[in-house]
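Structural features, examined
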Amino acid sequence: MVRDPVSEVLDVVEARCVITGGLRAGGEWSLGSRPDALVKIDAVVSGSCWLIADDQAPVRLGPGDAAVLCGVDATVLCSDPGLARVAVREPPQKLGLFSQVGAGEPDVVVIGGHVDLDPMSADLFTTALPPVLHAAADDAEAGEMRRLLERIVQESESDRAGAGFAADQYAQLLLLEALRAGMRQEAVVPPGWLRLLTDPRLRPAVRLMHADPGRGWSLPELASAASMSRSHFARRFQQVSGQPPLTYLSHWRIRLAQRALRTSDTTIAALAERLGYASESTFSHAFTRIAGMSPARYRQNHRRAAAAHP
């Protein structure tokens, strides 16, 4: 079965959404914090609040809304952007998953988490995201996102067998739904795989490259799959992804090689053959040019890092 490209990208960067806490708030309140991860997610289960990230304009989050934050130094969640920002690392009155802020009866429920990424491939994910990717509840995926949020809360607060595992799976789906909803915001999403994989004209060509990355795809073949002329296809691909089609293919092959080197004992020669390189030396040269080190050194560095942080 051929996997869809979005699933492959999430797999290659080893993206894993982890719910780290929740917030119940009422009355007038403002809560500031500094994210402890490069990619963070905040989602509103019920009620509404405002999100301010660095110097970005305030974003109103309603029930079912989520925001994926990338490379943000500081955030504020509040009932009103005009309120004083109060930097609190660990809110008071913490009970289980949730903390409570504000003087009034809680009328807003928010959950937050971060996205774990393999540090050696995280840039593929992060360079495709804006600082704030707002997945609005009026999107087609809104109903599914609200259901996922409710299930995350239910599982996180229950003592049923497997509750933690279930909450983790729902969190992973929440990340996917948030990306799906945010991917349509072409105006705020920078060039990269996130925009590329939602472009209906280019997606057929991308699917071909992902389905058979070892094949020597030509520009005419890919343009034909997209029902475009070669020049139009190449120009549009560059604008949407930030790189020419065959450069994207070369980089994707190296991303696949990096994953294999991290997760398996596949030989470098076998990788070279699988990914369409004429020889091991040709593959090693391409890998070094893109990754900045040889395949053998890359594997060695990963194993050393994994041993230091088991």
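Report on the accompanying structure. (Residues numbered from 1 in each chain as written. Predicted model: local features only at pLDDT ≥ 70, side-chain atom pairs only at ≥ 80, totals over all residues. Heavy atoms only, no water.)

Regarding the nonpolar core
Most often, soluble globular proteins have nonpolar side chains that are buried together. In terms of nonpolar packing, the biggest core is built from 77 residues, with Ile-111, Phe-125, Leu-129, Leu-179, Leu-194, Phe-233 and Phe-283 touching the most fellow members. Among the elements that line this core, the one with the most residues is helix α4 (residues 163–182), at nine residues. The next biggest cluster of nonpolar side chains, apart from the first, holds 18 residues, and it includes Ala-53, Ala-67, Leu-69 and Val-110. (Core = buried A, V, L, I, M, F, W, Y, C linked by side-chain atoms within 4.5 Å. Buried < 20%, exposed > 50% of the residue type's maximum accessible area, 1.4 Å probe, protein only. Helix = DSSP H or I, 4+ residues; strand = E, 2+ residues; numbered from the N terminus.)

Re helix α8 (residues 230–241)
The end-to-end C-alpha distance of α8 is 16 Å, a good match for the 16 Å that 12 residues give at a rise of 1.5 Å each. Those residues of α8 that sit buried are Phe-233, Phe-237, Val-240 and Ser-241. Buried residues in α8, looked at end-on, bunch into an arc of 75 degrees, giving them a common side. Buried residues belonging to α8 abut α5 (193–196), α6 (203–211), α7 (219–225) and α9 (245–263). Where α8 ends, the next residue or the one after it, Gly-242, has phi of about 90 degrees, a positive value. (Expected span 1.5 Å × (residues − 1). Arc of directions from axis to C-beta. Contact = heavy atoms within 4.5 Å.)

So, the side chain of Arg-299
You can see Arg-299 is positioned in helix α12 (residues 295–308). We note that Arg-299 is buried and unpaired, the nearest opposite charge coming from Asp-265 at a distance of 5.3 Å. Here Leu-261 takes part through its backbone oxygen, which lies 3.3 Å from a polar atom of the side chain of Arg-299. If we skip the residues at most four places from it in the chain, Arg-299 touches Ala-260, Leu-261, Ser-264, Asp-265 and Thr-266. (Lys, Arg positive; Asp, Glu negative; His and termini not counted. Salt bridge = Lys/Arg side-chain N within 4 Å of Asp/Glu carboxyl O. Polar contact = N/O pair within 3.5 Å; in protein donor to acceptor, adjacent residues only side chain to side chain.)

Thoughts on the sheet that holds strand β7 (residues 75–78)
Spatial strand order, β2-β7-β4-β5: four strands in an open sheet with antiparallel pairing. Where the open sheet ends on each side, the last strands, each with one partner, are β2 (30–33) and β5 (59–61). Averaged over all neighbouring strand pairs, the angle between strand axes comes to 25 degrees, with direction disregarded. With four bridges joining them, strand β4 (residues 49–53) and β7 adopt antiparallel strand pairing. Bridge pairing links Ile-52 to Val-76 in β7. (Pairing = 2+ DSSP bridges. Axes fitted to C-alpha atoms, helices over the stretch in contact; angles between N-to-C directions.)

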